[in-house]
Amino acid sequence: MHIPDGFLDLKTWAGSAAVGAGLVACSLTRARADLEERRLPTVGVMAAFIFAAQMVNFPVSGGTSGHLIGAVLAAVTLGPWTASLVMTTVLVVQCLVFGDGGVTALGANVLNMAFIATFAGYGAYLALRRVTREGLAVGVGAWISVVAAAAACSTELALSGTAPLGAVLPAMLGWHAIIGLGEAVITAAVAAYLWKVRPGAWRPKSRQATGSVVNGGNTMSEGADRIEA
Amino acid sequence: MRRKGDLAVALAVVAVVAGGLSLLASAHPDGLEYVAAQEGFEETARQVLSAPVPDYVMPGVASPALATALSGLAGSAVVFAVAWGLARLTAAGSAGSREGRTGTK
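Analysis parameters
- Residues numbered from 1 in each chain as written.
- Chains lettered and ligands numbered in written order.
- Predicted model: local features only at pLDDT ≥ 70, side-chain atom pairs only at ≥ 80, totals over all residues.
- Helix = DSSP H or I, 4+ residues; strand = E, 2+ residues; numbered from the N terminus.
- Buried ≥ 20, exposed ≤ 12 C-beta atoms within 10 Å, placed from the backbone.
- Contact = placed C-beta atoms within 7 Å.
- Core = buried A, V, L, I, M, F, W, Y, C linked by C-beta atoms within 7 Å.
- Nonpolar A, V, L, I, M, F, W, Y, C, P; charged D, E, K, R; others polar.
- Axes fitted to C-alpha atoms, helices over the stretch in contact; angles between N-to-C directions.
- Left-handed = near helix turned anticlockwise from the far one by under 90°.
- Expected span 1.5 Å × (residues − 1).
- Arc of directions from axis to C-beta.
- Parallel < 35°, antiparallel > 145°, perpendicular 65-115°, else oblique.

Caption draft 1: Highlighting the overall build of chain B. When helices and strands are tallied, chain B shows 4 helices and 0 strands. Along chain B, helices (α) and strands (β) appear in the sequence α-α-α-α when read from the amino end. Every one of the 105 residues in chain B was classed for burial, and the buried ones make up 26%. A separation of at least 24 residues holds for 50% of the contacts in chain B among residues at least 6 apart in sequence.

Caption draft 2: Spatial organisation of the nonpolar core. With 98 residues, the main nonpolar core has Ala47(A), Ala71(A), Ala74(A), Val86(A), Met113(A) and Ala149(A) as its most contacted residues. Other than its neighbours up to four places away in sequence, Ala71(A) contacts Ala83(A), Met87(A), Met113(A), Ala114(A), Ala117(A), Thr118(A), Gly121(A) and Ser145(A).

Caption draft 3: Summary view of the interface of chain B and chain A. Between chain B and chain A, the residue contacts involve 50 residues of the former and 54 residues of the latter. Mapped by element, the contributors of at least two residues to the side of chain B that touches chain A are α1 (2–19), α2 (31–39) and α3 (64–92) of chain B. In terms of residues, the side of chain B that touches chain A owes the most to one element, α3(B), which gives 15 residues. Each residue belonging to the side of chain B that touches chain A can be placed in one class, and the counts come to 32 nonpolar, 13 polar and 5 charged.

Caption draft 4: Seen up close, the environment of Trp195(A). Topologically, Trp195(A) is positioned in helix α7 (residues 165–197). With 20 C-beta atoms counted inside 10 Å, the residue Trp195(A) sits in the buried group.

Caption draft 5: Here's a closer look at unusual backbone geometry. Residue and element names in this part refer to chain B. A positive phi is found at Asp 55, a non-glycine position, where the angle reads about 55°. Along the chain, Asp 55 turns up in the loop between α2 and α3. Located in the positive-phi region is Tyr 56, a residue other than glycine, with phi close to 60°. Note on placement: Tyr 56 falls in the loop between α2 and α3.

Caption draft 6: Focus on α2(B). Regarding α2(B), the residues found buried are Gly31(B), Leu32(B), Tyr34(B), Val35(B) and Ala36(B). Summarising the contacts, the buried residues of α2(B) are in contact with β2 (64–66), α6 (134–159) and α7 of chain A.

Caption draft 7: Focus on the packing of α7(A) against α2(B). Interaxial distance between α7(A) and α2(B) falls to 10 Å at its minimum, and their mutual angle equals 150°. The way α7(A) lies across α2(B) gives a crossing that is right-handed. Contacts between α7(A) and α2(B) involve Ala167(A), Val168(A), Ala171(A), Met172(A), Trp175(A), His176(A) and Ile179(A) from the first element and Gly31(B), Tyr34(B), Val35(B), Gln38(B) and Glu39(B) from the second. Residue composition of the contact of α7(A) with α2(B), by class: 8 nonpolar, 3 polar and 1 charged.

Caption draft 8: Spatial organisation of helix α1 (residues 10–30) of chain A. Residue and element names in this part refer to chain A. Helix length check: α1, at 21 residues, gives a terminal C-alpha distance of 30 Å against a target of 30 Å (1.5 Å per residue), a fit within 8%. When α1 is considered as a whole, its buried residues turn out to be Thr 12, Trp 13, Ser 16, Ala 17, Gly 20, Leu 23 and Ser 27. Summarising the axial view, the buried residues of α1 lie within an arc of 140°, below the 170-degree limit, and thus occupy one face. Facing away from the buried side of α1, by more than 90 degrees, are the exposed residues Leu 10, Lys 11, Ala 18, Gly 22, Ala 25 and Thr 29. If you follow the buried residues of α1, they end up packed against α4 (80–98), α5 (106–128) and α6.

Caption draft 9: Representation of the packing of α1(A) against α5(A). All names here are of chain A. The N-to-C vectors of α1 and α5 enclose an angle of 50°; their axes lie 7 Å apart at closest approach. Of the possible angle classes, the one that applies to α1 and α5 is oblique. For the pair α1 and α5, the crossing hand works out as left-handed. Taken together, the residues of α5 that come into contact with α1 (itself represented by Trp 13, Ser 16, Ala 17, Val 19, Gly 20, Ala 21 and Leu 23) are Leu 106, Gly 107, Ala 108, Val 110, Leu 111 and Phe 115. Here the contact of α1 with α5 is built from residues that sort into 10 nonpolar, 3 polar and no charged.

Have a look at this one:
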């Protein structure tokens, strides 16, 4: 879903770049609370894994392909703020080194895949984990992250006058609803594995998710955090 | 020790995905490319800045498979280094507040 140069007009790419830059600045401040010295290499590994996984396009019906975005995978294992920085790093390297995504569209791509995907998907995950299993909540959150990013991308294309929203939005949502299934399966599988082998890894805190209500899973993960610390 | 082992395993997994699975990637257009072709705005795509490793093919490498694998491995290494560095810089700004938090535990 990396937008190339030429698809967005000046007002849209410049506006997206300004919003994206502001959000990155915000993330740099907010991520501090989630970053701890001994977990810093993990941030690099997750970024490298997402970069590598994004190279592996899987075929989708009708001669189309898709690949992992990885925003929700990063969010549920590193926290959403650190995840947005990880996604931004991946997108910047893809753009500047590999020409994947245009330089002028970088702000829009960061906005869509580092922020909208991360926070829409992670927000859905937080809401769903109160009512269903972790694995299902992660999978549905991952699916929503792809569909939300596709909707944002469609909106930017329409604002640019590149394509009418009525045509591009249903087409983008249709394909990405299918591509999102791959995102859901990969994200749920990798997150479940990481949580199993590393029970003390970053987990959302109960106050973020459920206010004063503490469920079993949170108590466990916080206990694990404390033992490790 | 366990952490160092974990890190080595994780980096090995990244290397297998970037340098191996990447060769199996589908060459079909992705969702956006497909929609752009369908809606007739594919031709408006341009490239403002030329990239050193265009399209994940390492220049100067004769074998296409090797060129893709090398670009995947090089890209993963760059992303790993940049993300780790960025995390260190971000965390460094909070050294004081982190001690404060630990103290209350």
